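Fold and geometry: a report
This is what each chain is made of:
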Amino acid sequence: MRAVTWHGRADVRVDTVPDPTIQEPTDVVVEVTSSGICGSDLHLIEVMAPFMSVGDVMGHEPMGVVREVGSQVTAVKPGDRVVVPFNISCGTCWMCSQGLQSQCETTQNHEQGFGASLFGYTKLYGQVPGGQAEYLRVPFGNTLPIKVPDGLPDDRFVYLSDVLPTAWQAVQYAAVPPGGTLLVLGLGPIGDMCTRIAHHLGIEDVYASDVVPERLTRATARGTHVIRSTAKDDVVQQVQDATAGRGADAVIDAVGMEAHGSPLASIAQKATAVVPDAVMEKVMQVVGVDRLAAFNTAVDAVRRGGTISLSGVYGGATDPVPLMRMFDKQIQLRMGQANVWRWVPDILPILTEGDPLGVDDFATHHVPLEQAPQAYADFREKKDGAVKVLLTP
Ligand SMILES: NC(=O)c1ccc[n+]([C@@H]2O[C@H](COP(=O)([O-])OP(=O)(O)OC[C@H]3O[C@@H](n4cnc5c(N)ncnc54)[C@H](O)[C@@H]3O)[C@@H](O)[C@H]2O)c1
Ligand SMILES: [Zn+2]
Ligand SMILES: [Zn+2]
């Protein structure tokens, strides 16, 4: 089959790789019909490159049609339409039963000391072949795939794999009080969807910061107050002006470690390009690199006693977190990979009744799988209006 494969920094290609097969009696094989490119994929071709290997199949936002099932699979059958969550969770362990699927005890990566495996991600998360491909092997066929109805385009459901539950969890973790103010940092797909969900859940005062014009336009169109800057002082000032000097009740960081304004981050990114992977892998695990521009904005923009909800992904074991300031401001902090299945029962009914979140035209680009390298480049450079790209195998 054809698949998007990792070859190095800023280098993905479309290669022919072996078709996936049923390996366990609970596996299913899905023929992929749509597959998103995510901001998290960009980390893999940047700072997380030392944890990737040439030939790794990328992608963790797929949906499609079940083609083959193992002998013990009863929950889905060939022909069923399914979305595949980005975290690989068994659905039956203690963590899964608590709604903490990203900490699944069956797929945790003990050797690396990391949580549940992810499709198409680094060796820290199991190095499992991903879904930017024609076919995908999906384990836990009775509990992992999300069955979705036929009859509507893929765009209606595909974001159940990641964008929707990630943004939903970010808004839930933000815990905005009634009448309160939410600030969203970053208007990529995740931040954009956070603002939509916040409005949908009745949060009226939603602010968002970014500098990419088309991303700001999308947010403005749906009633979000945009801050056309990512500079900490600008953002903090504007939020304080809007909140009697207090700051936002909650801030969602939907940026993560590729934030603008983190001077040392670009040095680290350049270093990963010249220092051997084995050395850089160690460096990433034990050394702090200040890539915390967005997080620091969150700490300063949130009001005393407020909440920061972190959905942007960070790396670097000893990044200098401003703990004294966080303690003094009495900040609550919640974060983590989205527990996809935790939120499916809340989100799926919203998608089948109508389209209040605007998912039908959320994607800016539908691109054939063969053109993935160009699509990655455009998404990375934020060129050609690329906000969300769906690949179609
Ligand atoms: N927690 C999870 O389960 C989960 C799931 C999916 C994605 N993510 C993470 O969420 C983050 C966002 O993903 P995305 O697909 O929207 O990515 P993206 O790269 O498209 O969007 C990031 C946006 O942040 C803006 N930005 C950069 N620096 C900023 C700053 N200092 N202040 C404000 N805005 C800034 C950029 O201009 C860009 O528009 C990534 O870190 C990704 O890895 C987490
Ligand atoms: Zn994703
Ligand atoms: Zn589990």
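Reading the values: the criteria
Residues numbered from 1 in each chain as written. Chains lettered and ligands numbered in written order. Predicted model: local features only at pLDDT ≥ 70, side-chain atom pairs only at ≥ 80, totals over all residues. Heavy atoms only, no water. Donors = N, O, S within 2.8 Å, 3.2 Å for Na, K, Ca; no water. Tetrahedral: all angles 85-135°; square planar, octahedral: opposite > 155°, others 65-115°. Helix = DSSP H or I, 4+ residues; strand = E, 2+ residues; numbered from the N terminus. Domains from an automatic or database assignment. Contact = heavy atoms within 4.5 Å. Buried area = accessible area lost by both parts, 1.4 Å probe. Salt bridge = Lys/Arg side-chain N within 4 Å of Asp/Glu carboxyl O. Polar contact = N/O pair within 3.5 Å; in protein donor to acceptor, adjacent residues only side chain to side chain. Nonpolar A, V, L, I, M, F, W, Y, C, P; charged D, E, K, R; others polar. Core = buried A, V, L, I, M, F, W, Y, C linked by side-chain atoms within 4.5 Å. Buried < 20%, exposed > 50% of the residue type's maximum accessible area, 1.4 Å probe, protein only. Near = heavy atom within 4 Å. Pairing = 2+ DSSP bridges. Axes fitted to C-alpha atoms, helices over the stretch in contact; angles between N-to-C directions.

This part takes up the coordination of the zinc ion (ligand 2). Within the protein, the atoms that donate to the zinc ion (ligand 2) are Cys38 (SG), His60 (NE2), Glu61 (OE) and Asp162 (OD), at distances of 1.9 to 2.3 Å. Taken together, the four donor atoms coordinating the zinc ion (ligand 2) span angles of 96 to 129° at the metal, a pattern that classifies the geometry as tetrahedral. Taken in sequence order, the residues that donate to the zinc ion (ligand 2) follow the motif C-x21-H-E-x100-D. Separated by 22 residues along the polypeptide, Cys38 in the loop between β3 (28-37) and α1 (39-44) and His60 in the loop between α1 and β4 (62-69) bring together distant segments of the chain.

On to the coordination of the zinc ion (ligand 3), then. Coordination sphere of the zinc ion (ligand 3), protein contribution only: Cys90 (SG), Cys93 (SG), Cys96 (SG) and Cys104 (SG), at 2.3 to 2.4 Å. Every donor counted, the four donor atoms about the zinc ion (ligand 3) form angles of 104 to 117° at the centre, which fits tetrahedral coordination. The motif formed by the donor residues of the zinc ion (ligand 3), counted along the single chain, is C-x2-C-x2-C-x7-C. In this pair, Cys93 sits in the loop between β5 (81-83) and α2 (94-97) while Cys104 sits in the loop between α2 and β6 (135-138), placing the two residues 11 residues apart along the sequence.

Turning next to the domain arrangement of the protein. We note that the domain assignment places domain 1 (2-162 + 339-392) and domain 2 (164-335) within the protein. Contacts between the two partners involve 38 residues from domain 1, matched on the other side by 32 residues from domain 2. Of all residues in domain 1, Val47, Trp343 and Leu357 give up the largest surface area on contact with domain 2, accounting jointly for 21% of the area buried on that side. If you look at where domain 1 meets domain 2, you find zero salt bridges. For the pair domain 1 and domain 2, the interface holds 10 residue pairs in polar contact (both at pLDDT 80 or more). For the side of domain 1 that touches domain 2, the elements supplying multiple residues, two or more each, are α1 and α11 (340-353). When residues in the side of domain 1 that touches domain 2 are grouped by element, the largest group, six residues, is from α11. Across the side of domain 1 that touches domain 2, the residue classes break down as 22 nonpolar, eight polar and eight charged.

What follows is about the nonpolar core. Nonpolar side chains tend to gather and get buried jointly when the protein is soluble and globular. Core analysis: the largest hydrophobic core is formed by 77 residues, its most contacted members being Val4, Tyr159, Leu164, Leu182, Met193, Ile252 and Leu391. Among the elements that make up this core, the one with the highest residue count is helix α3 (residues 163-174) (eight residues). Here this core gathers at least three residues from each of two domains, domain 1 (2-162 + 339-392) and domain 2 (164-335). With near-sequence residues (within four places) excluded, Leu164 lies in contact with Tyr159, Met193, Ile197, Ile347, Leu351, Leu357 and Val359. By size, the runner-up hydrophobic cluster in this structure holds 19 residues, among which are Leu183, Ile227, Val236 and Ala298.

Note: α-helices contain 3.6 residues per turn, so residues at a spacing of three or four share the same orientation. Summarising burial for helix α9 (residues 293-301): nine of the nine residues are buried, a large majority. Restricting attention to buried positions, one finds in α9 the residues Ala293, Ala294, Phe295, Asn296, Thr297, Ala298, Val299, Asp300 and Ala301.

With respect to spatial proximity, 29 residues lie near ligand 1, and among them Ser40, His43, Asp210, Val255 and Ala338 are the closest. Separating an oxygen atom of ligand 1 from a side-chain N or O atom of Ser40 is a distance of 2.7 Å. Within the backbone of Pro189, an N or O atom sits 3.1 Å from an oxygen atom of ligand 1. In terms of residue class, the shell around ligand 1 is made up of 11 nonpolar, 14 polar and four charged. The residue makeup of the shell around ligand 1 includes at least three contributed by each of domain 1 (2-162 + 339-392) and domain 2 (164-335).

Moving on, we come to the sheet that holds strand β8 (residues 181-185). As summarised here, the arrangement of the six strands in space is β10-β9-β8-β11-β12-β13, forming an open sheet in which the pairing is parallel. For this open sheet the edge positions go to β10 (225-227) and β13 (332-335), each flanked by a neighbour on one side alone. Sheet twist, expressed as the mean angle between neighbouring strand axes with direction ignored, is 20°. When β8 meets strand β11 (residues 248-253), the two strands line up parallel, connected through four bridges. Opposite Leu183, over in β11, you have Val251 as the bridge partner.

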